[in-house]
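Survey of secondary and tertiary structure
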Amino acid sequence: MKIKRRNYEKLNKVKVGDFVELLYFCSICCILVNVYFMYVRGVYSYISLVSKFGYVGLTLVIIYKRFKISSFLEVILSVCVCVLVFIYADNLILIKDLLIIVASKDINIDKNLKFNFVVRTLMLLVIVTLFYLGKTDDYTMLRGDSVVRNGMGFGHPNTFAGVVFSVFMIWCYFKIKKMKWYDFGIGILLIGLIDGLCNSRTSEMVMAIALFLMLIVQIKPKFFFCHIVKMFVYLEYFILTILSMIAAYLYSIGNPIGIKLDTLLTGRLRLAGLFFKEYGISLLGHRITFVSSRVAIQENTLTWVLDNLYMYLLIHLGIIVFVLVFVIIKKCIDILYTNKNVGGILVIVSYMIFGLAETGMIRFEYNAFLVLCTLVFSQKKVKKKLHIRV
């Protein structure tokens, strides 16, 4: 009888676990709907509600989770920081990220990323189809006098490119160890497609860099484990932060290099300098009312956005968050190197470069790899969860 009872309890636990995992994946779908279907006509009023259901679902998943004392204390500390930042900066992004990261604990990472790849790709194809059927808002803009940029059913051409970029990086993660010659052709074709449809230079540039790094890995498999490269990977976060500050300063003093860089980055350096003068840097950030280019056109006002990730963290979310993000990235890099996970290292390097012109690295809609941060709370199970293919 005891054996039967134990088997029943074990079976019941498995069923509950399966239900919780199903709830997790359904919640992820609800969250992704927010950015994918925001501009589909007839569903505007429902999108925000669906997204809220997603975060409620993740909260229920977290309640089911079990944590060791050390991990639990780390989560509590992270919650306190996120709440303080919300109070001072009036931004929920960190709370949303934390819900996704903590809820992802004990979910197989490869399985999670494959699910994200399939769902994001399907949603992307659906939105593009609806765009061509005339069922979405048509947001088209010009770069200069001749380059037409299409939103493809999204709120901005860069949003479409960012979504494609997120799918592309998942593809890179799984392909890096088994690249074929035609895979490079697929990558180049995708870059050309983005250039032709929305001319989003940041996404194109970083995708090209990722492809180039993948080519190097095929020639020299231990490339990321070279001492100099490994040092750069660890220091990249600070290197790019310093470069962002120097570039903004060069623009502010009228240096030709700074002005040219600002032109390439479509005014991002100018705006970064203006934000710095207006708000400065503080421990817990500042409340800032941003005005996107789309809203600026509609309301006949000036664009007021801070797209450089590093300046965004320092000015809007504060020094504490800036340091916290570095600590999490550093821990993830430690774990990825320990497990020789070249795909994960490539992704982190690429997203940090992406951060020079976009804040997508800290937004789940554009970065499915936020789930990697769950490794920080479950380091002892890393090898089992990652299914490393060495």
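This one's a predicted model, so the numbers in the text were calculated from it and none came from an experiment. Here the residue numbers are simple positions, counted from 1 along each chain's written sequence. It should be noted that, the model being predicted, local features are given only for residues of pLDDT at least 70 and side-chain atom pairs only at 80 or more, the latter also being counted only at that level, while totals for whole chains, interfaces and linings use all residues. The side-chain values count all of the structure's non-hydrogen atoms but skip hydrogen atoms and water molecules.

**Thoughts on a nonpolar patch on the surface**
Defined as follows: Every patch collects residues that have over 30% relative accessible area and no salt bridge, joining them within 9 Å if they carry like charges and within 5 Å if they are nonpolar side chains (Val, Leu, Ile, Met, Phe, Trp, Tyr). Only the protein chains shown count as cover for residues, and the accessible areas themselves come from Shrake-Rupley with a 1.4 Å probe. The working definition used for a salt bridge is a side-chain nitrogen of Lys or Arg within 4 Å of a carboxyl oxygen of Asp or Glu. What counts as a helix is a DSSP run of H or I of at least four residues, what counts as a strand is a run of E of at least two, and both are numbered from the N terminus. Relative accessible area decides the class of each residue, using a 1.4 Å probe on protein chains only: under 20% of the type maximum gives buried, over 50% gives exposed, and in between gives partly exposed.
Taken together, the side chains of M245, F276, I281, L283, I319, I320, V323 and V327 present a nonpolar region at the surface, about 620 Å² in accessible area. It is helix 14 (residues 319-338) that provides the largest number of residues to the nonpolar patch, a total of 4 residues. With respect to the element layout, V327 can be found in helix 14. For V327, a relative accessible area of 34% corresponds to the partly exposed category.

**Observations concerning helix 7 (residues 181-197)**
The condition is simple: For a helix, the expected span equals 1.5 Å multiplied by the number of residues minus one. Arc, as used here, means the arc of the directions from the helix axis to the C-beta atoms. Contacts between residues were defined by any pair of non-hydrogen atoms, one from each residue, lying within 4.5 Å.
In this model, helix 7 (17 residues) spans 25 Å end to end at C-alpha, consistent with the 24 Å of a helix rising 1.5 Å per residue. The complete set of buried residues in helix 7 reads D183, F184, G187, I191, I194 and L197. For helix 7, the angular spread of the buried residues around the axis is 165°, confining them to a single face. In this structure, helix 7 carries W181, I188, L189 and G196 as exposed residues pointing more than 90 degrees from its buried face. Structurally, helix 7 contributes buried residues whose contacts are with helix 5 (109-132), strand 2 (147-150), helix 6 (157-175) and helix 8 (201-219).

**Things to note about the packing of aromatic side chains**
To be explicit about the condition: Put simply, two rings from Phe, Tyr or Trp (the six-membered ring, in Trp's case) pair if the centres are within 6.5 Å, and we call them stacked under 30 degrees between planes, edge-to-face over 60, tilted for the rest. A ring has a charge above it when a Lys NZ or an Arg CZ is no more than 6 Å from the ring centre and no more than 35 degrees off the ring normal.
Applying the stated rule across the entire model yields 26 aromatic pairs. Here Y24 and F25 contribute two aromatic rings whose centre-to-centre distance is 5.2 Å and whose plane-to-plane angle is 75°, an arrangement assigned as edge-to-face. Both residues of the pair, Y24 and F25, belong to the buried class. Linked through ring pairs, F165, Y173, F174, Y351, F354 and F369 together constitute an aromatic cluster. In this arrangement the basic side chain of K105 is found over the ring face of F67, its NZ or CZ atom lying 5.1 Å from the centre. When the ring centre of F364 is taken as reference, the NZ or CZ atom of R120 above it lies at 4.8 Å.

**Some remarks on the nonpolar core**
So the rule is basically this: Put simply, buried Ala, Val, Leu, Ile, Met, Phe, Trp, Tyr and Cys residues joined by side-chain atoms within 4.5 Å make one nonpolar core.
Y36, F224 and L317 are the most contacted members of the largest nonpolar core, which has 121 residues in total. Setting aside chain neighbours within four positions, we find Y36 in contact with R120, M123, L124, I127, F154, V163 and S166.

**Thoughts on the confidence of the model for the protein**
How we decide: Each residue carries a pLDDT value, the predictor's own confidence for that position, ranging from 0 to 100.
Here the protein averages 88 in pLDDT, and 92% of its residues register 70 or above. Per-residue pLDDT stays below 50 along residues 379-390; that stretch engages in 35 contacts with residues further than four places along the chain or on separate chains.

**Thoughts on empty space enclosed by the protein**
Going by this rule: Cavities and pockets are found on a 1 Å grid laid over the protein atoms alone: a cavity is a set of points where a 1.4 Å probe fits but cannot escape, a pocket is an open set with protein on both sides within 12 Å along at least five of seven lines, and a lining residue has an atom within 4 Å of such a point. Grid points are joined across faces, edges and corners, and a volume is the space filled by probe spheres set on the points. Residues are sorted three ways: Asp, Glu, Lys and Arg are charged, Ala, Val, Leu, Ile, Met, Phe, Trp, Tyr, Cys and Pro are nonpolar, and all the rest, Gly among them, are polar.
Summed over the entire model, instances satisfying the criterion amount to 3 cavities of 30 Å³ or more. Computed from the structure, the largest cavity encloses a volume of approximately 440 Å³. Together, 25 residues line the largest cavity, and I101, V325, I328, L370 and C373 are the ones closest to its centre. Contributions of two or more residues to the lining of the largest cavity are made by helix 3 (69-89), helix 4 (93-103), helix 14 and helix 15 (342-354). If you tally residues by element for the lining of the largest cavity, the top one is helix 14, at 6 residues. The class makeup of the residues in the lining of the largest cavity is 22 nonpolar, 2 polar and 1 charged.

**Brief notes about the pattern of salt bridges**
In this structure the tally under the stated criterion is 9 salt bridges. With a closest N to O distance of 3.2 Å, D106 and K105 form a salt bridge. The exposure class assigned to D106 is partly exposed, which follows from its relative accessible area of 34%. For K105, a relative accessible area of 7% translates into the label buried.

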